[in-house]
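Single-letter residue listing:
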Amino acid sequence: MKEIIKITVGLTMTCLIAAAIMGGVFIVTAKAKKHNEYVNFQENMLKLLGFDQNNPAPEDLQLCTVYRYLIHQDSKISLGYMIPVQPSDSDETIMYQLLLVNIQGEFVARHDLNISLTQANDENDRKKAITDVLSGEAVQIEFADQFIVAKNGKERLAFLLPGKTPGFKTHINFMMAMNANYAIVGLQILEHQEDPGLGAEIEQEYFKNQFIGKDVERIKTLKVIKEPLPDEQLKFLERKKWIDNDFSDDKINELQKKYQSKDICAITGATISSVAVVNGVKNVATKFVYRVKVLENIISKQNISVAF
Amino acid sequence: MLEDNKSYSNIFLNGIFNDNPIFRLALSMCPAVGISTNVMNGLLMGIAVLFVQFCSSLTISLIKNYIHPRIRIPTYTLTIATWVTVTDLVLAAFFPVAYKSLGIFVRLIVVFCFITMRLDVFARKNPVFPSLVDAVGMGLGFMFGMMAIGGVRELMGMGTLLGYDILGFRPLLFFVLPASGFFVVGFMMAIFNYTETVFNRRKRARRAVS
């Protein structure tokens, strides 16, 4: 009996000390970790918009995020769009509003949210703000996805769409940019665990840039073909890698047009990864276009002065 | 408490050569096969393991008198898990690039059997300083092993070393796939054993002459 107590006390003490150490380290590092993720995300967004060190982003650049939530309320499901709103056309501060839409895509209600712009980056703060305005019993909210509208002054630059797709090993996280005509202007692979040298080639420009210029109608029927990339196209896709590229603007336009409607050439030895990315892009793009049309319809009907 | 024939340098070199975790003990093969696709990954993994081994050995040799012998293995596991979590959090916070390429393998250090083995075989029975020397030796042995495997696989698979293009072409893509890890480890083990046999034979011959 004495032995048992001794062992129990010993193990409990060890666990407590271990927990204290881990907790302490977590407190020190949590902020830096969050910051890293945020910076990484921001950097990728700027890269997608074509800004880098040589070509810095303009100061007027504004990134407005729209969050989409699934809201279970009294056994009914509705969609909650959390949208940034700028009252009137003045330069007043941006605030968030919650737009409730039913499954058929009809407007239900609109609530002001008590949340600041910086708070909106935090998932828990968003959830709290939304639950505060929703009445009724058994309200359950579930984060679905988000998209970002990049704006330069009054001009809309692009929609940035983060997405996720099951790859060869684990999920591939990517982000794509679409312009106002819903054509892809860029694709960026954020995170993946594909095999280096094979599936990891999805990070390469010659694969990612094949998506550029494809509009939503084309994306719907997009597929992977097992053909080698023609030399000309390869050189064209990787033109940014070489400093002394001999492509004039006319030539770029011409080649872009020539290859615009072509299917995606699979990466040698990594058909599964290629197909995964294509399917992910297809999925995100088609759903987004449908949703954004519904949303814009409602916004114009309800006369909401959105910030994007 | 130290045995007479074991000097510090002996303990240190023991981890790198005689008891090399990968090539002699053949322990912790999972990371050796899974993550050693290039030199940089091997180096980062080695540093992480070195840190965990060092801290765990230090902890265990400090508190060895208070550990109940019946629950020593759970205590080791807890100690290692604590330090691995610390490594994981620190890497994620301050070295995001390294964290990205190591991914899930940092958390797997918890079940690296050679760390537990070292704690049970060495740190539990020896004072603090020899335990630390042993830990560093073991950690470095693991690091060199990982880097060697990573070097061969990167050079043969991608034609590069540390990201710099060496060969200018890719000799055999097969080497970056997980299966090739076994081949490379096997061949390097054979080379390691052969060198040792030759070395010992010469030593014996020299002794015989004198």
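Residue positions are counted from 1 within each chain, in the order its sequence is given. Each chain takes a letter, starting from A, and each ligand takes a number, starting from 1, following the order in which they are written. Since the coordinates come from a predicted model, pLDDT governs what is reported: local features require at least 70, and pairs of side-chain atoms require 80 or more to be given and counted, while whole-chain, interface and lining totals use all residues.

## Topic: the overall build of chain A
This is how it is decided: Every helix listed is a DSSP run of H or I at least four residues long, and every strand listed is a run of E at least two residues long, numbered separately from the N terminus. Backbone-placed C-beta atoms define the burial measure: a residue is buried with 20 or more other C-beta atoms within 10 Å of its own, exposed with 12 or fewer, and partly exposed in between. Residue pairs qualify as contacts under a 7 Å threshold applied to their C-beta atoms, which are placed from the backbone.
In terms of helices and strands, chain A carries seven helices and ten strands. With the C-alpha coordinates aligned to their principal axes, the bounding extent of chain A is approximately 80 × 60 × 40 Å. Residue burial in chain A is summarised as follows: out of 308 residues, 25% are buried. Considering only contacts in chain A between residues 6 or more positions apart, those separated by 24 or more positions represent 59%.

## Things to note about the interface of chain B and chain A
Where we set the bar: Residue type decides the class: Asp, Glu, Lys and Arg count as charged, Ala, Val, Leu, Ile, Met, Phe, Trp, Tyr, Cys and Pro as nonpolar, and the leftover types, Gly among them, as polar.
With 22 residues of chain B at the interface, the matching set in chain A holds 22 residues. Mapped by element, the contributors of at least two residues to the side of chain B that touches chain A are helix H4 (72-94) and helix H8 (128-158) of chain B. Tallying contributions element by element places H4(B) first for the side of chain B that touches chain A, with eleven residues. Considered class by class, the residues forming the side of chain B that touches chain A number 14 nonpolar, seven polar and one charged.

## Concerning the packing of H8(B) against helix H9 (residues 178-209) of chain B
All names here are of chain B. Where we set the bar: Lines are fitted to the C-alpha atoms to define the axes, a helix being fitted only along its stretch in contact, and any angle between axes, read from their N-to-C directions, falls within 0 to 180 degrees. To sort the angles, those under 35 degrees are grouped as roughly parallel, those over 145 as roughly antiparallel, those from 65 to 115 as roughly perpendicular, and the leftovers as oblique. We call a crossing left-handed when the near helix sits turned anticlockwise from the far one by less than a right angle, and right-handed when that turn is clockwise.
Two elements in contact, H8 and H9, have axes whose closest approach is 10 Å; the angle formed by their N-to-C orientations is 120°. With respect to their mutual orientation, H8 and H9 come out oblique. When you trace H8 past H9, the crossing you get is right-handed. In this structure, H8 uses Ala-148, Ile-149, Val-152 and Arg-153 to contact H9, whose residues at the interface are Ser-180, Val-184, Val-185 and Met-188. By residue class, the composition of the contact of H8 with H9 is six nonpolar, one polar and one charged.

## Considerations on the environment of B:Arg153
All names here are of chain B. Structurally, Arg-153 is set in helix H8. Sequence-wise, Arg-153 and Lys-100 are 53 residues apart; in three dimensions their C-alpha atoms are separated by 20 Å. With sequence-adjacent residues up to four places away left out, Arg-153 is seen in contact with Ser-36, Thr-37, Phe-175, Val-176, Ser-180 and Val-184.

## Considering the nonpolar core
Short version of the rule: Definition of nonpolar core: a set of buried Ala, Val, Leu, Ile, Met, Phe, Trp, Tyr and Cys residues joined via C-beta atoms within 7 Å.
Counting 56 residues, the largest nonpolar core has A:Met82, A:Leu160, A:Leu161, A:Met176 and A:Val281 as the members making the most contacts within it. Broken down by element, the residue count for this core peaks at eight residues, all from helix H7 (residues 271-302) of chain A. For A:Leu160, the residues in contact, after removing those within four places along its chain, are A:Met45, A:Leu48, A:Phe147, A:Ile148, A:Ala150, A:Met175 and A:Ala177. Counting residues in each nonpolar core, the second largest holds 43 residues, with B:Val39, B:Ala48, B:Leu89 and B:Val106 among its members.

## Overview of the sheet that holds strand S5 (residues 140-152) of chain A
All names here are of chain A. Rules: Between any two strands, at least two bridges found by DSSP are needed for them to pair.
With antiparallel pairing, eight strands are arranged side by side in an open sheet as S4-S3-S2-S1-S5-S6-S7-S8. Looking at which strands have only one partner, the edges of the open sheet turn out to be strand S4 (107-112) and strand S8 (184-191). Geometrically, the sheet is characterised by an average inter-axis angle of 25° between neighbouring strands, direction not taken into account. Sheet strands touched by H7: strand S2 (76-85), strand S3 (95-102), S4, S5, strand S6 (155-166), strand S7 (171-178) and S8. Its angle to S6, the strand with the most contacts, is close to 135°.

## Examining the confidence of the model for chain B
Detailed conclusions should not be drawn from predicted coordinates in areas where pLDDT is low. Inclusion rule: pLDDT gives the predictor's per-residue confidence on a scale running from 0 to 100.
Per-residue pLDDT for chain B averages 85, and the proportion of residues at 70 or more is 97%. The ipTM for the predicted assembly is 0.76, set against a pTM of 0.70.

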